[in-house]
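Coordinate inspection notes
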Amino acid sequence: MKNFVVKTIANAGALAVAVWLLDKITLTGDSTAKKAGTLIVVALIFGLVNWLVKPILKVLTFPLFILTLGLITLVVNALMLLLTSWVCGKLDLSFHVEGFWTAVLGGLIISVVSWALHVVLPDED
């Protein structure tokens, strides 16, 4: 359970950095507390999307992974971020990613920040 909470907090932090750095990734809310709550829910959705859809997409794109020497991972991460944005739109959450290239850059930022946070934060069950 502790591992799940740590990963969710790391995802929320990484998403917050992407929202802060990129103008076309938006998170709106009336107050800071509402934004933080929305960010936690978005992090949960992002984690769920990565847990359910990403492995399937990785298997389907494995030949492209070999062909591009792993660069297709940037596209897969962008698609996961766009799917998270779409799900948030359907759930009426105020998180939106505008455009594919923004999603590619956002996915790269989220991957780097998430990796750094996982190095710093404890990883125990």
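Residues numbered from 1 in each chain as written. Predicted model: local features only at pLDDT ≥ 70, side-chain atom pairs only at ≥ 80, totals over all residues. Heavy atoms only, no water.

The next subject is the environment of leucine 48. Structurally, the position occupied by leucine 48 is in helix α2 (residues 32-52). On the basis of relative accessibility, which here comes to 46%, the residue leucine 48 falls in the partly exposed class. Between the C-alpha atoms of leucine 48 and threonine 84, which are 36 residues apart in sequence, the distance is 9.1 Å. (Helix = DSSP H or I, 4+ residues; strand = E, 2+ residues; numbered from the N terminus. Buried < 20%, exposed > 50% of the residue type's maximum accessible area, 1.4 Å probe, protein only.)

On to the packing of aromatic side chains. Summed over all chains, the structure comprises two aromatic pairs. Between phenylalanine 62 and phenylalanine 65, the aromatic rings sit 6.4 Å apart at their centres with planes inclined by 15°, giving stacked as the arrangement. Placement of the pair is phenylalanine 62 and phenylalanine 65 together in helix α4 (residues 62-67), with a separation of three residues, close to one helical turn. A residue is classified by how much of its surface remains accessible, and phenylalanine 65, at 37% relative accessible area, is partly exposed. (Phe/Tyr/Trp six-rings, centres within 6.5 Å; stacked < 30°, edge-to-face > 60°.)

Our next topic: the layout of surface pockets. Approximately 460 Å³ is the volume found for the largest pocket. If you list the elements that add at least two residues to the lining of the largest pocket, you get α1 (2-21), α2 and α6 (100-120). Top contributing element to the lining of the largest pocket by residue count: α2, with seven residues. Taken together, the residues that form the lining of the largest pocket break down as seven nonpolar, 10 polar and two charged. (1 Å grid on protein atoms, 1.4 Å probe; cavity = no way out; pocket = protein on both sides within 12 Å on 5 of 7 lines; lining within 4 Å. Points joined across faces, edges and corners; volume = space filled by probe spheres on them. Nonpolar A, V, L, I, M, F, W, Y, C, P; charged D, E, K, R; others polar.)

Right, let's talk about the UniProt feature "transmembrane region" (unreviewed entry) in the protein for a bit. In the UniProt entry, the feature "transmembrane region" (unreviewed entry) is given for residues 6-23, 35-53, 65-88 and 100-121. Secondary structure content for residues 35-53 is 95% helix and 0% strand, while the C-alpha to C-alpha distance between its ends is 26 Å. (UniProt positions renumbered as here; feature names shortened; annotations may be inferred.)

Counting through the fold element by element, asparagine 77 comes out in helix α5 (residues 72-90). Judged by relative accessible area, asparagine 77 falls into the buried class, the value being 10%. Only 2.7 Å separates the side chain of asparagine 77 from the side chain of lysine 54, close enough to count as a polar contact. Once you skip the residues sitting within four places of it in the chain, asparagine 77 turns out to touch Lys54, Gly107 and Ser111. (Polar contact = N/O pair within 3.5 Å; in protein donor to acceptor, adjacent residues only side chain to side chain. Contact = heavy atoms within 4.5 Å.)

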